[in-house]
Amino acid sequence: MRYFDARVIENRSLGAGYYVLRLGGCESLERSEPGQFVMVRGDWERDPLLPRAFSLLGVAPGGRADVLAKTVGRGTALLERTIPGARLSVLGPLGKGFPSPARGVTDLLVAGGVGMPPLFMQADRASRAGLAAQCEMLYGGRSSRDIVLVAEMRSLGVPLFLATEDGSLGRRGRVTATLEARIDEHRRAAGGATRLRILACGPKAMLWAVGRIARERSIECHLSLEEQMACGIGVCLGCAVPARSRPFRYVCKEGPVFDASEVLDVAQLVTPGAGNPALK
Ligand SMILES: Cc1cc2nc3c(=O)[nH]c(=O)nc-3n(C[C@H](O)[C@H](O)[C@H](O)COP(=O)(O)OP(=O)(O)OC[C@H]3O[C@@H](n4cnc5c(N)ncnc54)[C@H](O)[C@@H]3O)c2cc1C
Ligand code: FES
C-alpha cells in the first residue's frame with residue numbers, strides 16, 4: 001500500500017478546535033469499514049516529520065472521504081488551517097474495524113469526544129442496512145462544545161443519547177453512566193432477552209471503564225484503541241500494547257479495534273508511544 005494524493009474539498013470548522021476535512025481523490029478508501037483509519041500528512045517539510053492518524057468519519061462514491069479532527073498539537077493545527085485545493089498525502093484504509101451490525105443484536109455505540117468518527121460511520125452502516133433500530137449512539141464529552149455533528153447523527157435515524165460532564169447538553173455525567181442506564185433499560189424491557197453488544201472509541205479511561213462494565217455484565221465488547229503511530233502499517237513497532245493472548249499486539253495492524261477481553265486490564269499499563277521512544 002502506498003501514499004496517494006488527496007485534495008481538500010472543504011474544511012468545515014465546528015468550533016472549539018473541531019473540524020471536518022472533506023477530501024477528494026480517495027477512491028481507494030471507498031470500501032473502508034468503520035474503525036479503519038488513514039495516515040495523513042501535508043506539505044509540512046520536517047515539522048512534524050511523521051503523518052498523523054485519523055479514523056474515517058465517512059466515505060462516499062466518487063472518491064470522497066471525511067475525517068473529523070480536533071486540534072491538540074502542531075500536526076492537527078496545521079491541518080485545521082488547510083484550505084480547499086490543498087494537497088494531502090494519505091495512506092489507507094488501515095487496520096481492522098468494528099464488526100458488522102447483525103440481526104438480533106443491539107449495538108450500543110459508545111463515543112467519547114473525538115473518538116466519535118468510527119461510531120458515526122458504524123451508525124451510518126447500520127442505517128444503510130436497515131438496522132438503525134438495532135443500534136443506539138451514546139455520545140459524551142466534557143461540555144456541549146465537545147459534542148459535534150448532532151444533526152447529522154440524528155439524520156441517520158439511530159437513537160441518540162448525549163451526556164456531558166458539566167451538564168451543558170444531554171444528561172449530566174460521564175457517558176459510562178448513560179451506558180449503564182441503557183443496559184439496565186434494555187434488560188428491564190426485554191426481561192434480559194436482548195442480546196447486547198458494545199462498540200466503543202474514546203479516551204483510554206473511558207474505554208477501560210466501558211470494558212469493565214461489559215465484563216461485569218457479560219456483554220460482548222469491542223474497543224478501538226488509539227496509540228501514537230509513526231508508520232500505521234506494522235513496521236516501526238511503535239504502537240505495541242500488551243495483550244492477553246500474546247505479549248504484544250500492534251494497534252495499527254491488528255487493531256485499532258480489539259475484543260475487550262484481549263486488552264482489558266493489560267494494555268492500560270502502557271503510555272502512548274511507549275513502544276518507540278523515537279516517535280515524534
Ligand atoms: C487509530 C487512530 C485514530 C485516530 N482518529 C482520530 C480522529 O478521528 N480524530 C482526531 O482528531 N484524532 C484522531 N486520532 C488522534 C490523532 O492521531 C492525534 O490527535 C494526532 O496525531 C496529534 O497530532 P499533533 O501533531 O496535532 O499533536 P502532537 O503534538 O503529536 O501531540 C499533542 C498531544 O496529544 C498526544 N497524542 C498524540 N497522538 C495521540 C494518540 N494517538 N493518542 C493519545 N494521545 C495522543 C500527545 O502525547 C501530546 O500530548 C487518532 C489516532 C489513532 C492512533
Ligand atoms: S504504527 Fe508503526 S507498527 Fe504500528
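This text gives an overview of the structure that appears in the document. Just so you know, these numbers come straight off a predicted model, no measurement behind them.

On to the environment of Leu119, then. Considering the arrangement of structural elements, one finds Leu119 in helix 2 (residues 117-128). Leu119 sits 94 residues away from Ile213 along the chain, and the two C-alpha atoms are 19 Å apart. Residues within four places of Leu119 in sequence aside, it is in contact with Phe98, Leu109, Val110, Ala111, Met137, Leu199, Ala200 and Cys201.

It is worth spelling out the site of ligand 1 at this point. What surrounds ligand 1 is a group of 19 residues, the closest being Arg52, Ala53, Leu68, Gly75 and Thr76. One of the backbone nitrogen or oxygen atoms of Leu68 is found 2.8 Å away from a nitrogen atom of ligand 1. One of the backbone N or O atoms of Gly73 is found 3.1 Å from an oxygen atom in ligand 1. Elements with a minimum of two residues in the shell around ligand 1: strand 4 (52-55), strand 6 (64-70) and helix 1 (74-80). Here the element with the most residues in the shell around ligand 1 is strand 4; it accounts for four residues. Classifying every residue of the shell around ligand 1 gives nine nonpolar, five polar and five charged.

About the thresholds
- Residues numbered from 1 in each chain as written.
- Chains lettered and ligands numbered in written order.
- Predicted model: local features only at pLDDT ≥ 70, side-chain atom pairs only at ≥ 80, totals over all residues.
- Heavy atoms only, no water.
- Helix = DSSP H or I, 4+ residues; strand = E, 2+ residues; numbered from the N terminus.
- Contact = heavy atoms within 4.5 Å.
- Near = heavy atom within 4 Å.
- Polar contact = N/O pair within 3.5 Å; in protein donor to acceptor, adjacent residues only side chain to side chain.
- Nonpolar A, V, L, I, M, F, W, Y, C, P; charged D, E, K, R; others polar.

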